[in-house]
Structure formats: structure tokens, C-alpha cells
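Summary of structural features
This is what each chain is made of:
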Amino acid sequence: MTKRIAIIGPESTGKSTLSQQLATHFHTQWVPEFARQYLIDINRPYEESDLLAIAKGQKEKEEQLFRSANRFLFCDTTLIVVKVWSEHSYGRCDPWIEEQVDQMQYDYFLLTDIDMPWEEDSQREHPHMRKYFFDIYQTYLEKECLPFTLVSGNEEERLQLAIAKVASLTV
């Protein structure tokens, strides 16, 4: 049975890199962050209504890639992140996104720590708020009693920790 592994964390904490590396290591699929390409395609600042389109696109891509995944599907972000972003930016979240967050089923979460240097990127907005967002994600995972591992260290240390954790899920 294929397991869904969600990689979540604040901006510029190595989620995409880790997702790609894990997919390569385990010879399977990974789901890129849909928002990245979406924001390139719209070629304007995002608006609140764009978050619903991003959430639907992320969910659709995840479902599509799940069908061809081999034992694991690594998800670079989840709708939890979209929900948190919406609440931070607009003070509310679309009911469809909230409903999907409540229904989501991941087998495990890897929470990326903020111990990596910030890398500037035109889509990244809050270099000084990584601890704030990290605390929100960690609190959410703990409150919902979701299984997770904190992934810290340099890129190689993170990868080795994540590989060991994911491999243990098949035992």
C-alpha cells in the first residue's frame, strides 16, 4: 500500500529539495508545490481567490501522482500550508480548503526546521517570520496528534534522517 509522506515547514527550509531527494532515493514520485508554477503562470501578485485555485491544483496533482507512486508519495507541502497562509494573509480561509484539511490523510509528516540559511526567491515573502510559521505547523501537528519527525541539520543530515524515518515506516 502506498504511503503519503507530507513535507511541511516555513519558506526556504528545504522542502522541495528533500522531497526530490526522497523520491529519487525510494524510486517514486513527488508532488511539487503547485503554487510555484501557478504564480509564474498568473504573472501578477496573488489574491485571496488564488489560494482556492492553488489548493485545488495541489490536491489534484497529488491525487494524479499517487496513482503512479511506488510505495511512497512525497508531497512538497499540503493544504495545511495553504490554510495557514490564507489565515495569515487574509484573516480567514475558504471553507473548501478547511474541509479538505480536515479530511486529508497522510501517513507521516516531515517538519523542516528553520536551521537552514534563508535563500532569496521572488515568491518568498517572510524571511523574518520563519519561527512564527514553524511554531504554527508544529503546534498543528501536535494538536491533531499527527505523526511527525523534525528534520534538522545540513542537507545531507536532513536527507539521512528522513530516509531512516521513511524506511522505518515499512517495517
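The paragraphs below set out a description of the structure included in this document. (Residues numbered from 1 in each chain as written. Predicted model: local features only at pLDDT ≥ 70, side-chain atom pairs only at ≥ 80, totals over all residues. Heavy atoms only, no water.)

**Considering the nonpolar core**
Counting 31 residues, the largest nonpolar core has I8, I80, V82, F109 and Y137 as the members making the most contacts within it. Counting residues per element, the ones that place at least two in this core are β1 (3–8), α2 (34–42), α3 (48–66), β3 (72–76), α4 (79–90), α5 (95–103), β4 (108–112) and α6 (130–143). Per-element tally for this core: the top contributor is α4, with 6 residues. Among all residues touching I80, those that are not within four sequence positions of it are V101, M104, F109, Y137 and Y140. Of all hydrophobic cores here, the second largest spans 15 residues; its members include I7, F26, V151 and V166. (Core = buried A, V, L, I, M, F, W, Y, C linked by side-chain atoms within 4.5 Å. Buried < 20%, exposed > 50% of the residue type's maximum accessible area, 1.4 Å probe, protein only. Helix = DSSP H or I, 4+ residues; strand = E, 2+ residues; numbered from the N terminus. Contact = heavy atoms within 4.5 Å.)

**What about the sheet that holds β3?**
What the 5 strands build is an open sheet, ordered β2-β3-β1-β4-β5; its pairing is parallel. Each edge of the open sheet is held by one strand with a lone partner, namely β2 (29–31) and β5 (148–151). Ignoring which end each strand starts from, the neighbouring axes of this sheet average 20 degrees apart. Where β1 meets β3, 5 bridges bridge the pair, whose relative direction is parallel. When the bridges of β3 are listed, A6 appears paired with C75. (Pairing = 2+ DSSP bridges. Axes fitted to C-alpha atoms, helices over the stretch in contact; angles between N-to-C directions.)

**Here we look at the side chain of T2**
Along the chain, T2 falls in the segment before β1. Owing to a relative accessible area of 18%, T2 belongs among the buried residues under this scheme. In contact with T2, other than residues within four places in its own chain, are F66, A69, R71, F72, L73 and D107.

**Section: the pairing of β1**
Of all 6 residues in β1, 5 are buried, a share of seventy percent or more. As judged from the 4 bridges shared by β1 and β4, these two strands associate in the parallel manner. Pairing of I5 across the sheet is with Y108, part of β4.

**Some points on the packing of aromatic side chains**
The description of an aromatic ring pair rests on the distance of the ring centres and on the angle between the ring planes. In this structure the tally under the stated criterion is 7 aromatic pairs. Seen in terms of ring centroids, F26 and F72 are 5.1 Å apart; in terms of plane orientation they differ by 65 degrees. Their pairing is edge-to-face. Highlighted residues: F26 in the loop between α1 (15–25) and β2 and F72 in strand β3, separated in sequence by 46 residues. Like F26, the residue F72 is buried in the burial classification. A network of ring pairs unites the aromatic residues F26, F72 and F74 as a single cluster. For the cation-ring pair, R4 lies above F66, with the distance from its terminal atom to the ring centre recorded as 4.0 Å. Above the plane of the ring of W96 lies K56, whose end atom (NZ or CZ) is 5.4 Å from the centre. (Phe/Tyr/Trp six-rings, centres within 6.5 Å; stacked < 30°, edge-to-face > 60°. Lys NZ or Arg CZ within 6 Å of the ring centre and 35° of its normal.)

**Structural notes on α3**
For α3, with 19 residues, the first-to-last C-alpha span of 28 Å sits near the 27 Å given by 1.5 Å per residue. Looking at the buried positions of α3, the neighbouring elements they touch are β1, β2, α2, β3, α4 and α5. (Expected span 1.5 Å × (residues − 1).)

**Some words on the environment of P95**
Tracing the backbone through its elements, the reader meets P95 in helix α5. Sequence separation between P95 and G9 is 86 residues, and the spatial gap between their C-alpha atoms is 22 Å.

**Section: the pairing of β3**
Regular strands place their side chains on alternate faces of the sheet. Among the 5 residues in β3, 5 count as buried, and that is most of the element. Taking every second residue as pointing to the same face, both faces of β3 are buried, with F72, F74 and D76 on one and L73 and C75 on the other. The sheet contact formed by β2 and β3 spans 3 bridges and is parallel. Pairing of Q29 across the sheet is with L73, part of β3.

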